[in-house]
Amino acid sequence: QVRLVESGGGLVQAGGSLRLSCAASGSIFSINSMGWYRQTPGKQRELVAAIRSGGSTNYGDSVKGRFTISRDNAKNTVYLQMNSLKPEDTAVYSCNVDLTYLAGGGVAGKQHDYWGQGAQVTVSS
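What you see is a predicted model; the values in this text were computed from it and never measured. (Residues numbered from 1 in each chain as written. Predicted model: local features only at pLDDT ≥ 70, side-chain atom pairs only at ≥ 80, totals over all residues. Heavy atoms only, no water.)

(A) Fine view of the overall build of the protein. Tallying secondary structure elements over the protein gives zero helices and eleven strands in all. Helices (α) and strands (β) of the protein occur, in sequence order from the N terminus, as β-β-β-β-β-β-β-β-β-β-β. Over its C-alpha atoms the protein spans a radius of gyration of 15 Å, differing by no more than 12% from the 14 Å that the globule rule assigns to 125 residues. Overall, the protein is about 55 × 25 × 25 Å in size when its C-alpha atoms are taken along their principal axes. (Helix = DSSP H or I, 4+ residues; strand = E, 2+ residues; numbered from the N terminus. Rg over C-alpha atoms; globule rule 2.2 N^0.38 Å.)

The structure is reproduced here in C-alpha cells:
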C-alpha cells in the first residue's frame, strides 16, 4: 500500500515563506509525476505546481514567480517552496503522486495516482 505524508503547513504573515514536503512510501515501482493542489471552501481544487520524472514543471498562473517545486527522487519526496505569500494563498494544500505501484515479486503494477491528507496553509494580512 502506498502512503503519502505531508508536512510544513502552518500560519504565516503576508510576505512570509513556508515549505511543504510530501514523502511517498510503500509499494512503489516508479514515480511518474508529483504535484500540489489547493482548495478553499466554495472553490474547486486547483493546480499549484507539478513536476514530472524528467524534471519539467508546471505552475498555476497565480503562483508563478513565487512558488518553486522540486523533488528528491532517492527519497520519493516532493517539496513546495512558497515565498511572498499572500492571504489569497490560504487553502488546504494536498500532495498528489502519480506512480506505478510495485506488485508482488517486484513486478511493476498499474499506474495510479494517490493523495495526501492535506496541509492547512493560512496567510494573515
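Here the narrative resumes.
(B) A look at the sheet that holds strand β7 (residues 67–72). Within the open sheet, the four strands sit side by side as β1-β3-β8-β7. Their pairing is antiparallel. Of all the strands in the sheet, just β1 (3–7) and β7 have a single pairing partner and so form its edges. Taken over all neighbouring pairs, the strand axes of this sheet differ in orientation by 15° on average, direction set aside. Where β7 lies against strand β8 (residues 77–82), six bridges are found, and the strand directions are antiparallel. Paired with serine 70 across the strands is tyrosine 79, a residue of β8. (Pairing = 2+ DSSP bridges. Axes fitted to C-alpha atoms, helices over the stretch in contact; angles between N-to-C directions.)

(C) Expanded view of unusual backbone geometry. Despite not being glycine, asparagine 76 shows a phi value in the positive range, around 50°. Mapped onto the elements, asparagine 76 comes out in the loop between β7 and β8. Residues other than glycine seldom take positive phi values, yet serine 84 does so here, at roughly 50°.

(D) Quick peek at the state of the cysteines. Applying the stated criterion across every chain, the model contains one disulfide. The disulfide partner of cysteine 22 is cysteine 95, and the gap between their sulfur atoms is 2.2 Å. Measuring the twist about the S-S bond at about -85°, one finds the cysteine 22-cysteine 95 disulfide to be left-handed. In this pair, cysteine 22 sits in strand β3 (residues 18–25) while cysteine 95 sits in strand β9 (residues 91–102), placing the two residues 73 residues apart along the sequence. For the pair cysteine 22 and cysteine 95, a shared accessibility class is recorded, and that class is buried. (Disulfide = S-S within 2.5 Å. Buried < 20%, exposed > 50% of the residue type's maximum accessible area, 1.4 Å probe, protein only.)

(E) Spatial organisation of the packing of aromatic side chains. Applying the stated criterion across every chain yields a total of one aromatic pair. A cation over a ring is seen here: arginine 19 above tyrosine 79, with NZ or CZ 4.1 Å from the ring centre. Against the face of tryptophan 115 rests arginine 45, its NZ or CZ located 4.3 Å from the ring centre. (Phe/Tyr/Trp six-rings, centres within 6.5 Å; stacked < 30°, edge-to-face > 60°. Lys NZ or Arg CZ within 6 Å of the ring centre and 35° of its normal.)

Purely geometric stuff here, so don't read any function into it on its own.
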